[in-house]
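Chain and residue survey
Below, each chain spelled out in residue letters.
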Amino acid sequence: DHHDQLTGLSLAVAYVHKPPDLDLLAAQVRSLLAWSRRFYGADAGEVLCCGELRVDAGASRASWRGRPLELTYCEFEILRLLAAREGRVATYQDLCDAMGSTVTDNTIATHIQHLRDKFTRVDPDFPRSRAIVSVPKRGYAWATPEGGT
């Protein structure tokens, strides 16, 4: 009934009627996959390269100038979204959605700080604020540093 649908949608992305209409279910799946490709800019198994940054979404690994970055789940998801949207702003809401949790802007700022620190550990010359750019009141963006391939 209507109340069940509203409750279901407050907990999930879609509501499936019972018995399911297979054509409608297939259309919903296609729509969600298209949305996720637009949101992330890449398929889950794709390797993103932005200059000397390499993000392997399928293996959940990232490297800078060929050196592996040891990242937490949240740090990796943030970096994956920034790389997928290279040169464009990922809003605070986009970043929260990518991490799959409800967090604050301060939590995101902390993850960004840790990301910058980890890049600097593998490359002391990493251009911290020029590569991971803070966009006040909006979010962050990845800007491939000059000299990147």
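Located above this text is the structure these notes cover.
This text gives an overview of the structure that appears in the document. (Residues numbered from 1 in each chain as written. Predicted model: local features only at pLDDT ≥ 70, side-chain atom pairs only at ≥ 80, totals over all residues. Heavy atoms only, no water.)

Quick word on the nonpolar core
Cut-off, in case you're wondering: For our purposes a nonpolar core is just a set of buried Ala, Val, Leu, Ile, Met, Phe, Trp, Tyr and Cys residues, chained together by side-chain atoms within 4.5 Å. In this scheme, a residue with accessible area under 20% of its type's maximum is buried, one over 50% is exposed, and one in between is partly exposed, where area comes from a 1.4 Å probe on protein chains only. Each helix is a run of DSSP H or I of at least 4 residues and each strand a run of E of at least 2, with the numbering of both proceeding from the N terminus. In what follows, a contact means two residues having at least one pair of non-hydrogen atoms within 4.5 Å.
Core analysis: the largest hydrophobic core is formed by 31 residues, its most contacted members being L53, L79, F119 and W142. For this core, the secondary-structure elements that each account for two or more residues are β1 (47-50), β2 (53-56), β3 (61-64), α3 (73-84), α4 (92-99), α5 (105-122) and β7 (139-142). Here this core takes 8 residues from α3, the largest share from any one element. Those residues in contact with W142 that sit more than four places away from it in its chain are C50, L53, W64, L79, L82, A83, E86, G87, F119, F126, A131 and I132.

A closer look at the pattern of salt bridges
As a reminder, the rule being used: Whenever a carboxyl oxygen of Asp or Glu lies within 4 Å of a side-chain nitrogen of Lys or Arg, that contact is scored as a salt bridge.
Enumeration according to the criterion identifies 6 salt bridges in this entry. D123 is the salt-bridge partner of R65, the closest N and O atoms lying 2.8 Å from each other. Of this pair, R65 sits in the loop between β3 and β4 (67-69) while D123 sits in the loop between α5 and α6 (128-131), and the two are 58 residues apart along the sequence. The class for D123 is buried, based on a relative accessible area of 4%. Overlapping salt bridges bring together E52, R65 and D123 as one network.

Focus on the sheet that holds β2
Spelled out, the test is: Pairs of strands are assigned from DSSP output, requiring at least two bridges between the strands. Under this scheme, a helix contributes an axis fitted over its contacting stretch, all axes are lines through C-alpha atoms, and angles between N-to-C directions fall in the 0 to 180 degree range.
Pairing is antiparallel across the open sheet formed by 4 strands, whose spatial order is β1-β2-β3-β4. Of all strands in the sheet, those with a lone pairing partner are β1 and β4, marking the two edges. Within the sheet, the average angular offset between the axes of one strand and its neighbour, ignoring direction, is 20 degrees. As paired elements, β1 and β2 share 4 bridges and run antiparallel to each other. Within the sheet, the bridge partner assigned to L48 lies in β2 and is V55. Against the sheet, α5 contacts β2, β3 and β4, and its axis sits at roughly 160 degrees relative to β4.

Looking at the state of the cysteines
Selection rule: When two cysteine sulfur atoms are found within 2.5 Å, that pair is recorded as a disulfide.
Scanning the model with the defined rule gives 0 disulfides in all. There is no disulfide at C49, and the cysteine sulfur nearest it, in C50, is 7.4 Å away. We classify C50 as buried; its relative accessible area is 2%.

Describing the packing of α3 against α5
When two helices pack together, you describe them by how their axes are tilted relative to each other and by the distance separating the axes. Stated formally: Working rule for angles: under 35 degrees goes down as roughly parallel, over 145 as roughly antiparallel, 65 to 115 as roughly perpendicular, anything else as oblique. Three residue categories are used. Nonpolar comprises Ala, Val, Leu, Ile, Met, Phe, Trp, Tyr, Cys and Pro, charged comprises Asp, Glu, Lys and Arg, and polar comprises the others, including Gly.
Relative to each other, α3 and α5 sit at 85 degrees, their axes nearing to 10 Å. Relative to α5, the element α3 is oriented roughly perpendicular. Between α3, through C74, E75, I78, L79 and L82, and α5, the contact on the second element is made entirely by H111, I112, H114, L115, K118 and F119. The residue makeup of the contact of α3 with α5, split by class, is 7 nonpolar, 2 polar and 2 charged.

What to know about the pairing of β7
Two faces belong to every sheet, and in a regular strand the side chains alternate between them. Here 2 bridges tie strand β5 (residues 90-91) to β7, and the two strands are oriented antiparallel to one another. Across the sheet, the residue bridging to A90 is Y140, located in β7. Here strand β6 (residues 132-135) hands over to β7 after 3 residues, with K137 in that stretch at a positive phi of 65 degrees.

Here's the deal with the packing of aromatic side chains
Our working definition: Classification of ring pairs uses Phe, Tyr and Trp, with its six-membered ring standing for Trp, and accepts pairs whose centres are within 6.5 Å; under 30 degrees between planes counts as stacked, over 60 as edge-to-face, and the remaining range as tilted.
Using the criterion set out here, one finds 7 aromatic pairs in the structure. Measuring from ring centre to ring centre gives 6.0 Å for W64 and W142, while their planes differ by 75 degrees; the resulting arrangement is edge-to-face. Placement of the pair is W64 in strand β3 and W142 in strand β7, with a sequence separation of 78 residues. For the pair W64 and W142, one class covers both residues: buried. Both rings, one in F119 and one in F126, keep their centres 4.3 Å apart while their planes meet at 15 degrees; by these two values the pair is stacked.

No statement about biological role is implied by the geometric values presented.
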